[in-house]
Amino acid sequence: MHHSKPAADPEALKKDFWKALADSPFLFLQRTGESETAVPMSPQLDKDANSEIWFFTHKKSAFAQLGPVTATFAGKGHDMFARFNGTLAVETSQERFDQFWNNFVEAWYDEGKNDPDLLFLRMDLGTAEIWNGDIGLINTAKMALGMYVEPAAEKQHVKETAL
């Protein structure tokens, strides 16, 4: 059985997504269902952690309430788009904090690492929808960022056949 259009390879798409995010590490983050909380954020990435990202923020930000959030991403050159959800929690690992702390982050906090307003968060990633624009073709895959889950709807799509 031959199909004229190859299905998106979720593993390849996921790898491309992480590469694109590392190349342009900015996304819109909002508390799920509260679009007015959407702001650009700079996620901290670890190449060995594929189901978590981290953020430095302020204790008075909407994200201090923790819980469910939704992120949207557009890659450089507009060849990669993604929407993914997850849950914010306070990251207590000093090792992680030190790993991601840098001059760019420090510039946002008057008292540096010891700023009382500083809040270090971890987003445990849930599912994602990733679009990869390739010569006008859009490949899309729904997946869990940690582990691929095939959506039931995908199986119900009628396969196109040439007449």
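Residues numbered from 1 in each chain as written. Predicted model: local features only at pLDDT ≥ 70, side-chain atom pairs only at ≥ 80, totals over all residues. Heavy atoms only, no water.

**Q** Which residues make up the pattern of salt bridges, and what values go with them?
**A** As enumerated under the stated definition, the model contains 11 salt bridges in all. Among the salt bridges present, the one from Arg122 reaches Glu52, with a minimum N-O distance of 4.0 Å. In this pair, Arg122 sits in strand 6 (residues 118-134) while Glu52 sits in strand 3 (residues 52-58), placing the two residues 70 residues apart along the sequence. On the basis of relative accessible area, Arg122 is assigned to the buried category, the value being 18%. Across the pair Glu91 and Arg122 runs a salt bridge, and its minimum N-O distance is 3.2 Å. Pair noted here: Glu91 is in the loop between strand 5 (80-90) and helix 2 (94-100) and Arg122 is in strand 6, with a separation of 31 residues, a long-range link. With respect to class, Glu91 is no different from Arg122; both count as buried. By sharing partners, the salt bridges in this structure join Glu52, Glu91, Arg122 and Asp124 into a single network. (Salt bridge = Lys/Arg side-chain N within 4 Å of Asp/Glu carboxyl O. Helix = DSSP H or I, 4+ residues; strand = E, 2+ residues; numbered from the N terminus. Buried < 20%, exposed > 50% of the residue type's maximum accessible area, 1.4 Å probe, protein only.)

**Q** Describe the packing of aromatic side chains, listing the residues and the values that go with them.
**A** For the structure shown, the criterion picks out 11 aromatic pairs. Their ring planes at 65 degrees and their centres at 5.3 Å tell us that Phe17 and Trp18 sit as a pair that is edge-to-face. Aromatic side chains Phe97 and Trp101 sit 5.3 Å apart centroid to centroid with 15 degrees between the ring planes, which places their arrangement in the stacked category. Each member of the pair Phe97 and Trp101 is classed as buried. (Phe/Tyr/Trp six-rings, centres within 6.5 Å; stacked < 30°, edge-to-face > 60°.)

**Q** Please give an account of the nonpolar core that cites residues and values.
**A** Membership of the largest hydrophobic core comes to 25 residues, with the highest contact counts inside it found for Phe17, Leu27, Leu29, Phe84 and Met123. Of all the secondary structure elements, the ones that give two or more residues to this core are helix 1 (10-23), strand 1 (27-31), strand 3, strand 4 (67-74), strand 5 and strand 6. Among the elements that line this core, the one with the most residues is strand 6, at 6 residues. Apart from residues lying up to four places away in sequence, Met123 is in contact with Leu29, Ser51, Glu52, Ile53, Phe55, Val69, Ala71, Phe84, Asn85, Gly86, Thr87 and Leu88. Residues Ala49, Phe100, Trp101 and Val105 belong to the second largest nonpolar core, which totals 10 residues. (Core = buried A, V, L, I, M, F, W, Y, C linked by side-chain atoms within 4.5 Å. Contact = heavy atoms within 4.5 Å.)

**Q** Tell me about the environment of Ser35, residues and numbers included.
**A** Within the element layout of this structure, Ser35 appears in the loop between strand 1 and strand 2 (39-41). We classify Ser35 as exposed; its relative accessible area is 55%. Linking Ser35 and Thr70, residues 35 residues apart in sequence, is a C-alpha distance of 9.5 Å.

**Q** How would you explain the pairing of strand 1 if you had to name every residue and give the values?
**A** Most of strand 1 sits inside the fold, with 4 of its 5 residues counted as buried. Where strand 1 lies against strand 2, 3 bridges are found, and the strand directions are antiparallel. Bridge assignment links Leu29 to a residue of strand 2, and that residue is Val39. (Pairing = 2+ DSSP bridges.)

**Q** An account of unusual backbone geometry is needed here, citing residue identities and associated values.
**A** One non-glycine residue with positive phi stands out, namely Leu66, at about 60 degrees. Looking at the secondary structure, you find Leu66 in the loop between strand 3 and strand 4. Despite not being glycine, His78 has its phi angle at roughly 55 degrees, a positive value. Within the secondary structure, His78 is located in the loop between strand 4 and strand 5. His78 gets classed as exposed once you look at its relative accessible area, which sits at 58%.

**Q** Give a description of the pairing of strand 4 that names residues and reports values.
**A** Bridge analysis of strand 1 against strand 4 gives 4 bridges, and the strand direction is antiparallel. The partner of Leu29 across the bridge, within strand 4, is Ala71. Inspection of the sheet shows strand 4 paired to strand 5 by 8 bridges, in the antiparallel sense. Pairing of Thr72 across the sheet is with Arg83, part of strand 5. The antiparallel hairpin formed by strand 4 and strand 5 contains 5 residues in its connecting segment, where Gly77 sits at a positive phi of about 75 degrees.

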